[in-house]
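Examining the three-dimensional arrangement
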Amino acid sequence: MPSAKTIVSTAASVAASAMVIRSIARELVPHELKLFVLMNIRGLFESFSSEITLIIDQFDGLASNQIYRAADIYLGNKISPSTKMFRVSMPEKENKMSISMAKNQEIVDHFDGVKLKWKQVTRQVESTQYVSYTGQSTKMQSEIRYFNLTFHKQHKDKVLNSYFPYILRKSKSAQEENKTLKLYSLNQDHARRFGLDSWHWITFNHPATFDTLAMEAELKKMIIEDLERFVKRKDYYRRVGKAWKRGYLLYGPPGTGKSSLIAAMSNYLNFDIYDLELSAVHSNSELRRVLLSTGNRSILVVEDIDCSLELEDRQAQPTTVNVLKPLRTMQVQPTAYDNKKLSFSKNPCDLFFFVSFVIQVTLSGLLNFLDGLWSSCGDERIIVFTTNHKDRLDPAVLRPGRMDVHIYMSYCTPCGFDSLAANYLGITDHPLIYEIKEIMQNVRVTPADVGEQLLKNEDPEIALKGLLEFLNAKLIEGCESQAS
Ligand SMILES: Nc1ncnc2c1ncn2[C@@H]1O[C@H](COP(=O)(O)OP(=O)(O)OP(=O)(O)O)[C@@H](O)[C@H]1O
Ligand SMILES: [Mg+2]
């Protein structure tokens with residue numbers, strides 16, 4: 001019979017060994033991992049067993065354990081057809097299911113010659129909650145989840161230094177693949193009134209891709225390569241001291257695919273879209289706040305930037321031009337005054353009334369933020385401005401280095417038409433196609449116009465004839481207007 005003293009000293013040495021193992025494990029975890037991995041190892045190190053078991057809790061205190069989360073995703077992809085039980089979930093607003101291990105299920109994984117046994121374990125725990133003012137206590141039941149990971153102890157280093165980083169990488173790319181794209185828009189009034197987040201989102205399910213876009217093949221290739229280069233260049237941007245962002249200015253007539261190109265970029269990169277409507281923002285500081293609350297790996301879009309910029313050109317009368325021009329006002333949206341906007345006389349009282357409504361975001365406010373602070377508070381950002389009138393933009397927007405790539409979205413070209421014919425009608429060759437391309441060189445039609453004609457009939461022959469008639473009518477119209 002062991003004495004009480006022996007039992008106490010054995011327990012103490014077991015506890016000490018556990019602490020040593022824990023601190024060794026901490027030392028072995030690579031630095032990067034340490035920053036965000038909250039791994040709780042409680043090694044059950046049986047002296048005579050060749051196996052070691054790591055326990056990976058779902059939570060470390062109140063914070064979630066990223067190793068647990070990563071393993072949950074990783075193992076969800078490992079579930080085989082023979083698995084008898086697994087968990088399936090689909091969070092609200094998402095349109096994809098996620099699969100993970102069910103409780104007490106086991107999965108065997110192999111990594112670099114090492115056999116790893118995973119077991120999902122759940123335990124019911126009872127906690128006591130006190131109701132403060134009565135002093136009464138109630139018992140609460142909750143469930144604690146963790147994984148047991150068992151493997152031969154000689155592979156401990158490999159598991160900590162290679163297997164876990166591998167799981168983190170795999171789960172990250174699985175998350176990216178399954179990610180539901182989001183389209184964020186501003187809901188400022190609501191946010192102001194209820195103190196809520198300014199952005200609200202809906203699932204972004206736009207079907208446009210680079211395959212469906214009608215544009216010159218060379219230009220399309222250039223854009224894809226530019227995007228690919230951009231996302232790979234994290235270190236490069238850091239090295240040259242530039243914020244990891246890229247600005248695109250898309251310009252061209254309505255219906256030439258500017259918004260469709262943004263959707264294609266978002267689908268290609270798996271980036272969410274933040275649709276920034278400047279009329280919903282009333283000051284530079286508010287603008288800064290909403291921009292700071294956008295996420296990384298996203299596309300910030302300001303559509304029709306010329307309309308936000310050049311109110312004075314479109315509607316202004318001399319008095320207001322003088323007041324507004326020095327302010328470089330981007331947006332004037334006095335809602336209550338909307339219809340009367342700038343229609344007042346030159347009466348100084350009216351002017352005062354108007355100016356008091358001018359709650360503005362200035363162009364320099366936006367550009368300064370995008371150029372300056374942005375670098376320190378976001379990574380992998382794409383900024384897209386669209387306009388129908390590039391010539392009306394303030395030179396500050398066009399300054400070299402501000403919008404890195406200027407893309408002209410043109411009227412439909414013969415090459416663009418090939419994409420539309422393939423997408424809308426599923427054809428790559430037809431005698432009428434040549435005729436259509438011929439006329440297209442002399443008529444200005446947008447891809448939106450062409451698409452609308454092609455949608456009219458499923459039969460390619462009828463649809464193409466319809467388009468030909470439409471083009472001929474446009475051609476005649478053009479000749480007549482030139483003659484007159
Ligand atoms: N280049 C294109 N390739 C394929 N489809 C296009 C293209 N351009 C326009 N379309 C079709 O026309 C519709 C309108 O196009 P889109 O909204 O992208 O044009 P836009 O240039 O953004 O116009 P606006 O200047 O009015 O905002 C799209 O939904 C799409 O079906
Ligand atoms: Mg558009």
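Residues numbered from 1 in each chain as written. Chains lettered and ligands numbered in written order. Predicted model: local features only at pLDDT ≥ 70, side-chain atom pairs only at ≥ 80, totals over all residues. Heavy atoms only, no water.

An unreviewed UniProt entry annotates the protein as Protein HYPER-SENSITIVITY-RELATED 4 of Citrus sinensis.

1. Digging into the overall build of the protein
Helix and strand counts for the protein come out as 20 helices and 15 strands. Put simply, the protein has 484 residues, and 40% of those count as buried. Taken as a whole, the protein presents about 27100 Å² of accessible surface, with 53% of it coming from carbon and sulfur. (Helix = DSSP H or I, 4+ residues; strand = E, 2+ residues; numbered from the N terminus. Buried < 20%, exposed > 50% of the residue type's maximum accessible area, 1.4 Å probe, protein only. Areas by Shrake-Rupley, 256 points an atom, 1.4 Å probe, with all protein chains shown as cover.)

2. Focus on the packing of helix H3 (residues 66–76) against helix H4 (residues 156–178)
Where H3 meets H4, the closest approach of the two axes is 8 Å, and the angle between their N-to-C directions is 65°. In the packing of H3 onto H4, the handedness of the crossing is left-handed. Residues Gln66, Ile67, Arg69, Ala70, Ala71, Ile73 and Tyr74 of H3 touch H4, and the partners they reach there are Tyr163, Phe164, Tyr166, Ile167, Leu168, Lys170, Ser171, Ala174 and Gln175. Among the residues forming the contact of H3 with H4, the class breakdown is 11 nonpolar, 3 polar and 2 charged. (Axes fitted to C-alpha atoms, helices over the stretch in contact; angles between N-to-C directions. Left-handed = near helix turned anticlockwise from the far one by under 90°. Contact = heavy atoms within 4.5 Å. Nonpolar A, V, L, I, M, F, W, Y, C, P; charged D, E, K, R; others polar.)

3. Some details on the state of the cysteines
As used here, a disulfide is simply a covalent bond connecting the sulfur atoms of two cysteines. Applying the stated criterion to the full structure yields 0 disulfides. Free of any disulfide, Cys412 has its nearest neighbouring cysteine sulfur in Cys415, separated by 9.3 Å. (Disulfide = S-S within 2.5 Å.)

4. Overview of unusual backbone geometry
Of note, Arg297 is a non-glycine position whose phi angle comes to about 45°, a positive value. By secondary structure assignment, the location of Arg297 is in the loop between helix H9 (284–292) and strand S13 (298–302). Residue classification places Arg297 among the partly exposed residues on the basis of a relative accessible area of 26%. Residues other than glycine seldom take positive phi values, yet Glu380 does so here, at roughly 55°. Positionally, Glu380 belongs in the loop between helix H15 (374–377) and strand S14 (381–387).

5. A short note on the site of ligand 1
Taken together, 16 residues are adjacent to ligand 1, and Ala214, Lys258, Ser259, Ser260 and Asn388 come closest. Within the backbone of Gly255, a nitrogen or oxygen atom sits 2.9 Å from an oxygen atom of ligand 1. In the model, a nitrogen atom of ligand 1 is placed 3.0 Å from a nitrogen or oxygen of the Gly257 main chain. Against a free-state accessible area of 620 Å², the protein chains account for coverage of 73% of ligand 1. Contributing elements (two or more residues each) for the shell around ligand 1: helix H8 (258–269), helix H17 (414–425) and helix H19 (447–454). With 3 residues, H8 is the single largest residue contributor to the shell around ligand 1. A per-class count over the shell around ligand 1 returns 8 nonpolar, 7 polar and 1 charged. (Near = heavy atom within 4 Å. Polar contact = N/O pair within 3.5 Å; in protein donor to acceptor, adjacent residues only side chain to side chain.)

6. Comments concerning the sheet that holds strand S10 (residues 199–203)
The pairing of strands in a sheet happens through backbone hydrogen bonds and is either parallel or antiparallel. Strand order in the open sheet formed by 7 strands is S10-S9-S12-S13-S14-S11-S15, with mixed pairing between adjacent strands. Edge positions in the sheet fall to S10 and strand S15 (405–408), since each of these pairs with one other strand and no more. Direction aside, the axes of adjacent strands within the sheet are offset by 25° on average. Bridging between strand S11 (residues 245–251) and S15 involves 4 bridges; their strand directions are parallel. Residue Leu249 lies in a different strand from S15, and its bridge partner there is His406. Taken strand by strand, helix H14 (residues 363–371) contacts S11, S13 and S14, and its axis lies near 150° from that of S14. (Pairing = 2+ DSSP bridges.)

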